[in-house]
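Overview (structure and organization)
Chain residues, written in single-letter form:
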Amino acid sequence: MKKVLKFPFDFYWGTATASHQIEGGQNNDWSVWEKKVAKKLAKNSKKSFKKNPNWQKFQSEAENPDNYISGQACDSWNKFEEDFNIIQFLGLKAYRFSIEWSRIEPEEGKFDEQAIARYKKMITSLRARKIEPFVTLWHWTLPIWLAEKGGTTAIDFPEKFANYAEKLAESFGSEVKFWVTLNEPEIQSSHAYMKGLWPPQKKSILLTIAAIKNLISAHKMAFAVIKRQNKDAQIGVAKHQVAFEMARPTIWNKILKKIADKIWNFYFLDEISEHQDFIGLNHYNRNVINGWYGKNPKKVQTDFGWEFYPESIYQCLVELRKYNKPVYITENGLADAHDDLREEFIRRSLVAIHNAISVGIDVRGYFYWSLLDNFEWDKGYWLKFGLVAVDRETTERKVRDSAYVYKDIVEDGFVENDEK
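Residues numbered from 1 in each chain as written. Predicted model: local features only at pLDDT ≥ 70, side-chain atom pairs only at ≥ 80, totals over all residues. Heavy atoms only, no water.

Some words on the sheet that holds strand S10 (residues 327-331)
Reading around the circumference, S2-S3-S4-S5-S6-S8-S10-S11 is the order of the eight strands in this closed barrel, with parallel pairing throughout. For this sheet, the mean inter-axis angle between neighbouring strands, taken without regard to orientation, is 25°. Here strand S5 (residues 178-183) runs beside strand S6 (residues 234-240); their pairing, made up of four bridges, is parallel. Bridging from a neighbouring strand, valine 180 pairs with glycine 236 of S6. (Pairing = 2+ DSSP bridges. Helix = DSSP H or I, 4+ residues; strand = E, 2+ residues; numbered from the N terminus. Axes fitted to C-alpha atoms, helices over the stretch in contact; angles between N-to-C directions.)

Laid out in structure tokens, this is it:
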């Protein structure tokens, strides 16, 4: 027997992307870096993914250095109208996308009015389709001039970010209500400076801390300047949250969970708690603790090798209750090239989200990641997260079957769950 779970009438159904991953033609710190490391990433790919049961399906693509060069990406800089038509066709009410800082300020203190006009055209085009724009200011990439100064660790990073935010707030005015200042600040900081995997590949706990502190200050300063331009603006961050789940409630497991939650899940949010109108939740997986971290059973795995367990989003939502803020799920999705798991993932995720709403969590929107198959950072193009498949050679778009399932849910405003 099926149970119908109805979502609020004004719930924001959406999807999300990031500029570097879809636009093409970038000139930023990542586009420079990826050309330097493409051969190395290709050579090391098998070793990096030797535990991934899906590896052989993508081996030829992942071992090709061209896979790691973003290049034209999905060519969305030129094809954004086509992308917006797809969003409209799917019946979605909102679209989260990011502004490419390197396009806006290619030289320090010099703003490109043509690039700003292009993004304004995108916003106008979305509004013409009755699609609410959720604008992300920073999704990891940096102008080259800023990267050369130290990027997120530069002493004046917060001021530079606030200047950039102020320029866009002035330019977009009331046409943008929802602003996401930063995307997953802890991911960028840990990968760039703790693990040394991403540009500038410097392993340093001190630089990691400096980057996080700067990003906290940058958010607070951007919050203030945007509010000065538009007091009605709604501002938050897209925060990566992991569901740290104890296999058994032992004292040691409780200690490990408390440490992980404090450092990874809550530190950044605690620091900006008085400077956010909403919380953007990015969630992909859980981390089962059983004497140590990462003890997930992984009975089914996505193409990425991540455990397929959509229900973990419920725990993350409930754990955000203490902030007493509206929550928008700004990213949630999976890599699934053959579209075998995506339909079930979306349905089960939405059931879990509805369960969180039913216990009083103020969830106001869901943005599936991603609209398009795109450039997945240091993994390149072989991971397919999109509701829409994109041909690498022609950039032709093709709506996947799972997207039609999402479309039906959006149009109906409810998801069905097996009655227990």
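From this point, the narrative continues.
Observations concerning a negative patch on the surface
Taken together, the side chains of Glu82, Asp391, Glu393 and Glu396 present a region of like negative charge at the surface. With respect to the element layout, glutamate 393 can be found in the loop between strand S12 (388-390) and strand S13 (397-399). Taking relative accessible area as the criterion, glutamate 393 reaches 70% and is therefore assigned exposed. (Patch = residues over 30% accessible without salt bridge, like charges linked within 9 Å, V, L, I, M, F, W, Y side chains within 5 Å. Areas by Shrake-Rupley, 256 points an atom, 1.4 Å probe, with all protein chains shown as cover. Salt bridge = Lys/Arg side-chain N within 4 Å of Asp/Glu carboxyl O. Lys, Arg positive; Asp, Glu negative; His and termini not counted. Charge placed at Lys NZ, Arg CZ, Asp CG, Glu CD. Buried < 20%, exposed > 50% of the residue type's maximum accessible area, 1.4 Å probe, protein only.)

Let's talk about the side chain of aspartate 378
Take aspartate 378: it is sitting in the loop between strand S11 (363-369) and S12. The class for aspartate 378 is buried, based on a relative accessible area of 12%. For aspartate 378, the side chain forms a polar contact with the side chain of tryptophan 198, separated by 3.2 Å. Here lysine 379 takes part through its side chain, which lies 3.0 Å from a polar atom of the side chain of aspartate 378. Aside from chain neighbours lying at most four places away, what touches aspartate 378 is Trp30, Trp33, Leu41, Tyr68 and Trp198. (Polar contact = N/O pair within 3.5 Å; in protein donor to acceptor, adjacent residues only side chain to side chain. Contact = heavy atoms within 4.5 Å.)

Let's talk about the nonpolar core
Ranked by internal contacts, the top residues of the largest apolar core, which has 99 residues, are Phe161, Trp179 and Leu317. Ranked by residue count, the leading element in this core is helix H10 (residues 205-229), at eight residues. Apart from residues lying up to four places away in sequence, tryptophan 179 is in contact with Val135, Leu137, Leu168, Ala169, Phe172, Ile226, Ala233, Gln234, Ile235, Gly236 and Phe278. (Core = buried A, V, L, I, M, F, W, Y, C linked by side-chain atoms within 4.5 Å.)

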